[in-house]
Amino acid sequence: MKASHLAGQTCTPCRGGIPPLGSEEARELLAVTPGWELTENDTQIRRRIRFETFPGAIEFVGRVAELAEQQGHHPDFGIHYRDVDLILYTHAIGGLHENDFIMAAKINELADG
């Protein structure tokens, strides 16, 4: 699977009742989402992105927020001056779902494009 394949997909609603991805599946998807790392015992993914200015970081967060609303899948944000921390996991299942990697790939396109 390629990052462009993930970025071209749309997040599907996850209402719970399904198991989260296992570590092996998560690592396979992580391999095509550069810049992200597994955290919290492989139940979350995280990326820190540094911007040249504080306004640049805030503008990026706004674009990610718009994307999250379109996709119905929302990351956790941390803003530390010029650094933006993003954490993705599927709250309804308490772990990772393919949606998290779809969002990571889409966020990478915003950050790197």
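Nothing here was measured: the structure is a model prediction, and the numbers come from that model.

Visitor: Explain the layout of surface pockets to me, please; I cannot follow it from the model alone.
Guide: Empty space left among the atoms is revealed by rolling a probe the size of a water molecule over them. Within this model, the largest pocket holds a volume of roughly 170 Å³. Around the largest pocket, the lining residues are T12, P13, C14, R15, G72, H73, H74, T90, H91, A92 and N99. When its residues are assigned to classes, the lining of the largest pocket shows three nonpolar, seven polar and one charged.

Visitor: Explanation requested: the pairing of strand β4 (residues 83–88) in the structure shown.
Guide: Within a regular strand, the side chains alternate between the two sheet faces. Taken across its six residues, β4 has five buried, putting it largely inside the fold. When strand β2 (residues 44–50) meets β4, the two strands line up antiparallel, connected through six bridges. Looking at β4, one finds that R47 is bridged to L86. When strand β3 (residues 76–80) meets β4, the two strands line up antiparallel, connected through five bridges. Along β4, the bridge assignment pairs F77 with L86. Taken together, β3 and the strand that follows it, β4, pair antiparallel across an intervening segment of two residues, in which Y81 is found at a positive phi of about 60°.

About the cut-offs
Residues numbered from 1 in each chain as written. Predicted model: local features only at pLDDT ≥ 70, side-chain atom pairs only at ≥ 80, totals over all residues. Heavy atoms only, no water. 1 Å grid on protein atoms, 1.4 Å probe; cavity = no way out; pocket = protein on both sides within 12 Å on 5 of 7 lines; lining within 4 Å. Points joined across faces, edges and corners; volume = space filled by probe spheres on them. Nonpolar A, V, L, I, M, F, W, Y, C, P; charged D, E, K, R; others polar. Buried < 20%, exposed > 50% of the residue type's maximum accessible area, 1.4 Å probe, protein only. Helix = DSSP H or I, 4+ residues; strand = E, 2+ residues; numbered from the N terminus. Pairing = 2+ DSSP bridges.

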